[in-house]
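Reading the structure
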Protein chains: 2
Amino acid sequence: MLKEKASIIPHECGDCPIRHRAVCARCEADELEVLDQIKYYRSYESGQTLIWSGDHMDFVGSVVSGIATLTQTMEDGRTQMVGLLLPSDFVGRPGRNSAAYDVVAVTDMVMCCFRKKPFEEMMARTPHIAQRLLEMTLDELDAAREWMLVLGRKTAREKIASLMAIIARRDATLNMNGTRGPLVFDLPLTREAMADYLGLTLETVSRQVSALKKDGVIELEGKRRVTVPDFNRLLEEAGDDSDGGMLI
Amino acid sequence: MLKEKASIIPHECGDCPIRHRAVCARCEADELEVLDQIKYYRSYESGQTLIWSGDHMDFVGSVVSGIATLTQTMEDGRTQMVGLLLPSDFVGRPGRNSAAYDVVAVTDMVMCCFRKKPFEEMMARTPHIAQRLLEMTLDELDAAREWMLVLGRKTAREKIASLMAIIARRDATLNMNGTRGPLVFDLPLTREAMADYLGLTLETVSRQVSALKKDGVIELEGKRRVTVPDFNRLLEEAGDDSDGGMLI
DNA sequence: GACCCGCATTGATTTAAATCAACCAACCCT
DNA sequence: AGGGTTGGTTGATTTAAATCAATGCGGGTC
C-alpha cells in the first residue's frame, strides 16, 4: 500500500480550510476559541468504515478533507447510498446516540471531531452553531429530495448524467472554477459505489457511462477522469432544466 | 361537490391539537403569546394546490389538520412525491423565498400560518423555535433517506408493503393506538399518488396491492380501508427487520 | 333508470435493467 | 516474468415493471 502517513495538521480554527462552510461558519472569534478547546482531529484511510450503523456515537464532527459515503444496507446485502460527505459536511446527529447509517471513507480523510456531550452543551449556549446546523440540514434535505426524484423516476442514462452533473457542479464550486469552458474532474467513486448511489447494478453503470462517452456527452481519460465539454448538454441528458442549476 | 364549508376554528395556541408536536412545541407561555399574535389560519380544499414550485413564498406554517403531498415534476410530466405532510409538519423554509416543490392538499386542510418575515425575526430571538425546527428537519432528513432506500433498492411488492407500514405506524402513533392486535387505517392516497410516492406506475401499484391482499398480508374493505392482521409479517414483506421499527 | 366520471383492476405485450458469464487491464507482489 | 487481485467492460439471456388496452365499479347528476 505504501500510503504516506496522512499529515494531520492540527489547525488553528482561524486558518481551517473549511472554516467558512462548516458548522462553525457563523461563529465569532470568542466562540471559535471555545471550539478550539474541545475539538480534536482524527484521520482515516481510504476504505475504512468510520461508523457502523447502530453503533454508539460519542462524537460528532466535520469532514476537513477527503470524501466518505453514507449507506444503508438491507439484511440480504442490498445497499443504497443515502449521502456523500464532502469537506465541511457534518457527521452525527445531536440528540441521538446511535448511528443510523454506515459511514465509509472512499479516500483518505481528516475529520474535526467534538465529543458529543460538550458539543451539545455548546450548541445550547451558541445560537450561531444551531443556526448554521439548521441551514446545513435544510440543504441536505433538499439534496435528499432531489435524489428521490433521481432514484424514483429517472432512467439509467439520466441517473448517470445526474450524478456527473452533481459532481461537476460541486467540484466547480469547491475549486472556484468558473463555469465557462469544459469542466474536468475526477470521479471519487468506483463503478460499484456509483451503482449504490444510483440504485443500479455496476454493469448498468458501466454500460451507460460508455454510452454517454460514445455519444460525446462526456470524455474519459482512464476510468476516473471526466471531461464535460458542454455542461448544458449534460443537464439535458440528466433530464433537468438546462438553467435552474447554476445557482450559488 | 356539496362540501360543507371547512369549519375554521381559530384556536388559542393553548388548546391547539398540534401544540405538542409542531414547531412551537418547546415554546413557553410568553413565547406562545407572541406567536398567537402573528399567526393566522388558512383552509384549503382537497385537491387544491397550496403552493407551486418556484412560487414566491411569503409565509411558512404548520399543518393543523388534513394531509398534503410534496412533489417534484420533470418537464415531461414524470412526478415524484418527496414528502407527505401530516398534522404538525412544517411547510416552508426560513431563509429562502421561493418554493422548491409543489404542495397539494389530498384532503381538506387547515394550516396555521406565519408571515415569513416576522417568523424569521421571532426565530432569531427564540432558540426554542429554532431548536425544535432543527429536530424536525433532522427527522425529515432521516425519513427522506429511508425513502431513498425504498426507491433505489426495493421491489414493487416491498415498496407497497413499506408504504403500508409507514402509514400504519404513523396512524398508530397519531391515534395513540397500542400496537397489539390488528391495525386498521385508511389510505389517504389514491393509487396514482401512491405510484408517485413509490416511483411506480399506478397499474403496478394496483397489482401489488391485490397480490398482498391475495396472500393475506393485508385485508381490504373497499379500496381505501386497510387491515393489517400481523404487523411483523408486513414488515418482513417490506424487507425491514421485523423489530427495529417500533420505536417512539 | 341511464349516463357519466373518476378511480381502480386486470390482461397482453414490450422493454429497460438485472442477472449470469466471460474477459480485460492495471497494478502489486514476490 | 508470472500470478493474483481489484476494478472495469462487454455480451447473452432473463425478468420485473412499464406500457398499451379493455373493463369494472361506486357515486353523483340529469
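These lines cover the structure that appears in this document, whether it is placed above or below. Because the structure is a prediction, the values reported are computed rather than measured. (Residues numbered from 1 in each chain as written. Chains lettered and ligands numbered in written order. Predicted model: local features only at pLDDT ≥ 70, side-chain atom pairs only at ≥ 80, totals over all residues. Heavy atoms only, no water.)

1. Considerations on the protein's contact with DNA strand D
- The environment of DNA strand D is formed by 18 residues, the closest being Arg191 and Ser206 of chain A together with Ala156, Thr204 and Arg207 of chain B.
- Of all atoms in DNA strand D that approach within 4 Å of the protein, 61% are sugar or phosphate atoms.
- A distance of 2.8 Å is found between a base nitrogen of DNA strand D and a side-chain nitrogen or oxygen belonging to Arg207 of chain A.
- Arg224 of chain A is positioned such that a nitrogen or oxygen atom in its side chain is 3.4 Å from a phosphate oxygen of DNA strand D.
- Elements supplying a minimum of two residues to the surface near DNA strand D: helix 6 (202–214) of chain A together with helix 6 (202–214) of chain B. (Near = heavy atom within 4 Å. Polar contact = N/O pair within 3.5 Å; in protein donor to acceptor, adjacent residues only side chain to side chain. Helix = DSSP H or I, 4+ residues; strand = E, 2+ residues; numbered from the N terminus.)

2. Details of the relation of the copies chain B and chain A
- Note on the copies: chain B fits chain A at an RMSD of 0.0 Å, the axial shift is 0.0 Å, and the rotation between them is 180°. In symmetry terms, the pair is related by a two-fold rotation axis.
- Of the residues that chain B buries at the interface, 100% are likewise interface residues in chain A, meaning the two copies contact each other through the same surface. (Least-squares fit on C-alpha atoms with pLDDT ≥ 70 in both. Contact = heavy atoms within 4.5 Å.)

3. A closer look at the interface of chain B and chain A
- With 41 residues of chain B in contact, the opposing surface of chain A contributes 42 residues.
- Taking both partners together, chain B and chain A bury about 3900 Å²; carbon and sulfur atoms supply 56% of that area.
- In terms of surface lost to chain A, no three residues of chain B exceed Arg145, Met148 and Arg153 of chain B, which account for 20% of the buried area on that side.
- Along the contact surface separating chain B from chain A lie twelve salt bridges.
- Where Arg93 of chain A meets Asp142 of chain B, a salt bridge forms, and the shortest distance between an N and an O atom there is 3.2 Å.
- Counting the contacts that link chain B with chain A gives 24 residue pairs in polar contact (both at pLDDT 80 or more).
- Within the residue set of the side of chain B that touches chain A, elements represented by two or more residues are strand 4 (68–73), strand 5 (79–85), helix 3 (127–153) and helix 5 (191–198) of chain B.
- The greatest single-element share of the side of chain B that touches chain A, amounting to 18 residues, is contributed by helix 3 of chain B. (Buried area = accessible area lost by both parts, 1.4 Å probe. Salt bridge = Lys/Arg side-chain N within 4 Å of Asp/Glu carboxyl O.)

4. Points about helix 5 of chain B
- Most of helix 5 of chain B sits inside the fold, with seven of its eight residues counted as buried.
- By the burial criterion, the buried members of helix 5 of chain B are Arg191, Ala193, Met194, Ala195, Asp196, Tyr197 and Leu198 of chain B.
- The secondary structure elements touched by the buried residues of helix 5 of chain B are helix 3 (127–153) of chain A together with strand 5, helix 3, helix 4 (156–174), helix 6 and strand 10 (219–221) of chain B. (Buried < 20%, exposed > 50% of the residue type's maximum accessible area, 1.4 Å probe, protein only.)

5. A closer look at the sheet that holds strand 4 (residues 68–73) of chain A
- Reading across from one edge, 2-7-4-5 (chain A) is the order of the four strands in this open sheet, with antiparallel pairing throughout. Edge positions in the sheet fall to strand 2 (49–51) and strand 5 (79–85) of chain A, since each has one partner strand and no second. Strand after strand, the sheet turns through a mean of 35° between neighbouring axes, direction not considered.
- As judged from the four bridges shared by strand 4 of chain A and strand 7 (residues 102–105) of chain A, these two strands associate in the antiparallel manner. Note that in strand 7 of chain A the partner of Leu70 of chain A across the bridge is Val103 of chain A.
- Lying over the sheet, helix 3 of chain B contacts strand 4 and strand 5 of chain A, oriented at roughly 135° with respect to strand 5 of chain A. (Pairing = 2+ DSSP bridges. Axes fitted to C-alpha atoms, helices over the stretch in contact; angles between N-to-C directions.)

6. A word on the protein's contact with DNA strand C
- Taken together, 18 residues sit near DNA strand C, with Ala156, Thr204 and Arg207 of chain A together with Arg191 and Ser206 of chain B positioned nearest.
- Backbone atoms, meaning sugar and phosphate, form 63% of the atoms of DNA strand C found within 4 Å of the protein.
- One of the side-chain N or O atoms of Glu203 of chain A is found 3.2 Å from a base nitrogen in DNA strand C.
- Within the contact set of DNA strand C, a phosphate oxygen lies 3.1 Å away from a side-chain nitrogen or oxygen of Ser210 of chain B.
- Counting residues per element, the ones that place at least two in the surface near DNA strand C are helix 6 of chain A together with helix 6 of chain B.

7. Digging into the pattern of salt bridges
- By the definition in use, this model includes 34 salt bridges over all chains.
- For Glu135 of chain B, the salt bridge identified is with Arg132 of chain B, shortest N-O distance 2.8 Å. Taken together, the residues span about one helical turn, with Glu135 of chain B and Arg132 of chain B both in helix 3 at a distance of three residues.
- The exposure class assigned to Glu135 of chain B is partly exposed, which follows from its relative accessible area of 26%.
- A relative accessible area of 13% means that Arg132 of chain B is categorised as buried.
- The residue Glu237 of chain B makes a salt bridge to Arg157 of chain B at a minimum N-O spacing of 2.8 Å. One end of the pair, Glu237 of chain B, is in helix 7 (residues 231–237); the other, Arg157 of chain B, is in helix 4, and 80 residues separate them in sequence.
- Note on Glu237 of chain B: relative accessible area 17%, which makes it buried.
- Overlapping salt bridges, with partners in common, bring together Arg157, Lys214, Asp215, Arg233 and Glu237 of chain A in one network.

8. Remarks on the nonpolar core
- One finds Met164 of chain A together with Met164 of chain B to be the most contacted residues of the largest nonpolar core, which totals 116 residues.
- Apart from residues no more than four positions distant in its own chain, Met164 of chain A is found in contact with Phe185, Leu187, Met194, Val209, Ile218, Val226 and Leu234 of chain A.
- Grouped together as the second largest cluster of nonpolar side chains are 50 residues, Ala130 of chain A together with Ile18, Cys112 and Leu133 of chain B included. (Core = buried A, V, L, I, M, F, W, Y, C linked by side-chain atoms within 4.5 Å.)

9. Things to note about unusual backbone geometry
- Phi is positive for Ser88 of chain A, close to 90°, though the residue is something other than glycine.
- By the element assignment, Ser88 of chain A lies in the loop between strand 5 and strand 6 (90–91).

10. Section: the pairing of strand 3 (residues 59–65) of chain B
Residues and elements named next belong to chain B.
- The buried fraction of strand 3 amounts to six of the seven residues, a majority that puts the element mostly inside the structure.
- Across six bridges, the pairing between strand 3 and strand 8 (residues 109–115) is antiparallel. When the sheet's bridge partners are listed, Val63 is paired in strand 8 with Met111.
- One ladder, built from two bridges, connects strand 3 with strand 6 (residues 90–91); its direction is antiparallel. In the sheet register, Ser62 faces strand 6, and the bridge partner there is Phe90.

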